Amino acid sequence: MIDKSLFIADCEAVRSASPLVHNITNYVAMNIAANVLLASGASPLMSFCPEEMDEIVAISSALVINIGCLDRHEIEGMKAAAAAAHRLSKPWVLDPVGAGASNIRTQTALELIKEYHPTVIRGNASEIMCIAGLAIASKGVDSSESSSNNYFI
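This section reports on the structure supplied with the text. All values reported here derive from a predicted model rather than from experimental measurement. (Residues numbered from 1 in each chain as written. Predicted model: local features only at pLDDT ≥ 70, side-chain atom pairs only at ≥ 80, totals over all residues. Heavy atoms only, no water.)

Quick look at the overall build of the protein chain now. A count of helices and strands for the protein chain gives 6 helices and 5 strands. Each helix and strand of the protein chain, placed in order from N terminus to C terminus, yields the pattern α-β-α-β-α-β-α-β-α-β-α. Counting all 153 residues of the protein chain, 36% fall into the buried class. Across the protein chain, every contact between residues at least 6 apart in sequence was considered, and the portion connecting residues at least 24 apart equals 64%. Carbon and sulfur atoms provide 58% of the accessible area of the protein chain, an area that totals close to 8,600 Å². (Helix = DSSP H or I, 4+ residues; strand = E, 2+ residues; numbered from the N terminus. Buried < 20%, exposed > 50% of the residue type's maximum accessible area, 1.4 Å probe, protein only. Contact = heavy atoms within 4.5 Å. Areas by Shrake-Rupley, 256 points an atom, 1.4 Å probe, with all protein chains shown as cover.)

As structure tokens, this is what we get:
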């Protein structure tokens, strides 16, 4: 259960700090992510460009990488951003969208985890099972498994 007073204090702390959050996300989620960050009092920045990752991550409070729309250029940007976050001890979130749906998605997620150690991994049950090395039947970006299953107990 969430403690209401702590939740309110956390929301106020975000508004007070107005952190810059760098997002590498898919085109479907980009506008939503920007609006949620703005509504929470944070400031979003979206960039895929590998050549500016050191500078962007350096001025950001956090990094979010969502692998929902992959291409070679974006993968380079993701790796550069994750490397910078790791080197600068910046917190970062990995959303391994569709891990298990294709080899490139799975390998990209696993490489980001192994090389750059995300602070948080946010995924559905199938994505988490896939990156944990468990066999899954992929349904693309939708989970084929329930998060209430007791696979890890």
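Additional details are given in the paragraphs that follow.
This part takes up the layout of surface pockets. The computed volume of the largest pocket comes to approximately 430 Å³. Contributing to the lining of the largest pocket are 22 residues, with Asn-23, Ala-33, Val-36, Leu-37 and Val-64 lying nearest its centre. Breaking the lining of the largest pocket down by element, the ones donating at least two residues are helix H1 (4–17), strand S1 (20–24), helix H2 (27–40), strand S3 (62–66) and strand S4 (92–95). Here the element with the most residues in the lining of the largest pocket is H2; it accounts for 7 residues. For the lining of the largest pocket, a count of residues per class yields 15 nonpolar, 4 polar and 3 charged. (1 Å grid on protein atoms, 1.4 Å probe; cavity = no way out; pocket = protein on both sides within 12 Å on 5 of 7 lines; lining within 4 Å. Points joined across faces, edges and corners; volume = space filled by probe spheres on them. Nonpolar A, V, L, I, M, F, W, Y, C, P; charged D, E, K, R; others polar.)

Below, the discussion takes up the pairing of S3. Bridge analysis of S1 against S3 gives 4 bridges, and the strand direction is parallel. Bridged to Ile-24 within S3 is Ile-65. Remark: the S3/helix H4 (residues 72–87)/S4 crossover connection has right-handed handedness. (Pairing = 2+ DSSP bridges. Right-handed = clockwise from strand over helix to strand, strands pointing away.)

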